[in-house]
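Summary of the model geometry
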Amino acid sequence: MTETQTLAEKVFADVTTEIVRGERKPGERISEQMLVEKYGGSRAPMREAIQKLEARHLVVRIPHAGARVVSLSLAELRDIYEVRVELESMACRLAAERMTDDEIAELQQLLKNHEDSIEAEQGMAYYQKAGDLDLHYRLIRGSKNERLHQMLCGELYHLVRMYRYQTSTSEKRPLQALQEHQRIVEAIAARDAELAELLMRRHIQTSLQNLEFLLEQSQA
């Protein structure tokens, strides 16, 4: 990996985290020059990082306005969540049937780490890092269905994380979401596939309801 590629990867990872955590707001401009001023280097790796953000649907290019952090309408979010609730619930059912005991033990430890993280945030936020540190990602991978993994953990994965994090910072939601995760993992550990599927469905539907409420408040 060249120095340019390494810098592009770092900028991409940092800006992704900032967008997911809401540190860069929907509609906020992101330019090559702004990134050069922050990270140094040339414009080439910054251009590459912005292109990767576009490919992950975290950034959109607007004519005469440049690259901006994505801002989805409520209708667009509902479309995404309708697909997500069906596919992730299925993945959860398959995970209950197919995950090994060791993999389930790792899920339980992951939730303990999440609990410690929420306590460190004084119950005000529930931020899950991407990939193996994300319970949803681990459950999808635990389905042992490659097509499901591609659909749920591909190009829309970080976009979904962005809106998941928004709901997880609303009042009382971090602990509530953790408890919902704990019940899902308990059902998986008990090999109760139908219950695990139902609990995930309810969990995602609750997240959408919270998101709808937050967006309606912000537009009021």
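As shown above, the structure is provided for reference.
Reference entry: report on the structure contained in this document. (Residues numbered from 1 in each chain as written. Predicted model: local features only at pLDDT ≥ 70, side-chain atom pairs only at ≥ 80, totals over all residues. Heavy atoms only, no water.)

Topologically, His 136 is positioned in helix H6 (residues 135-142). At 2.5 Å, the side chain of His 136 and the side chain of Glu 88 are in polar contact. Setting aside residues up to four positions removed in sequence, His 136 forms contacts with Arg 84, Glu 88, Gln 128, Arg 164, His 181, Met 200 and His 203. (Helix = DSSP H or I, 4+ residues; strand = E, 2+ residues; numbered from the N terminus. Polar contact = N/O pair within 3.5 Å; in protein donor to acceptor, adjacent residues only side chain to side chain. Contact = heavy atoms within 4.5 Å.)

Moving on, we come to empty space enclosed by the protein. Enumeration over the complete set of coordinates arrives at 1 cavity of 30 Å³ or more. The calculated volume of the largest cavity comes to roughly 160 Å³. Forming the boundary of the largest cavity are 16 residues, of which Tyr 126, Gln 128, Arg 164, Tyr 165 and Ser 168 lie nearest the centre. Put simply, the parts of the chain that give the lining of the largest cavity at least two residues each are helix H8 (157-168), helix H9 (173-189) and helix H10 (193-219). Among the elements that take part in the lining of the largest cavity, H8 stands out by supplying 5 residues, more than any other. Among the residues making up the lining of the largest cavity, the classes are represented as 5 nonpolar, 7 polar and 4 charged. (1 Å grid on protein atoms, 1.4 Å probe; cavity = no way out; pocket = protein on both sides within 12 Å on 5 of 7 lines; lining within 4 Å. Points joined across faces, edges and corners; volume = space filled by probe spheres on them. Nonpolar A, V, L, I, M, F, W, Y, C, P; charged D, E, K, R; others polar.)

Any link to function would need more than the numbers given here.
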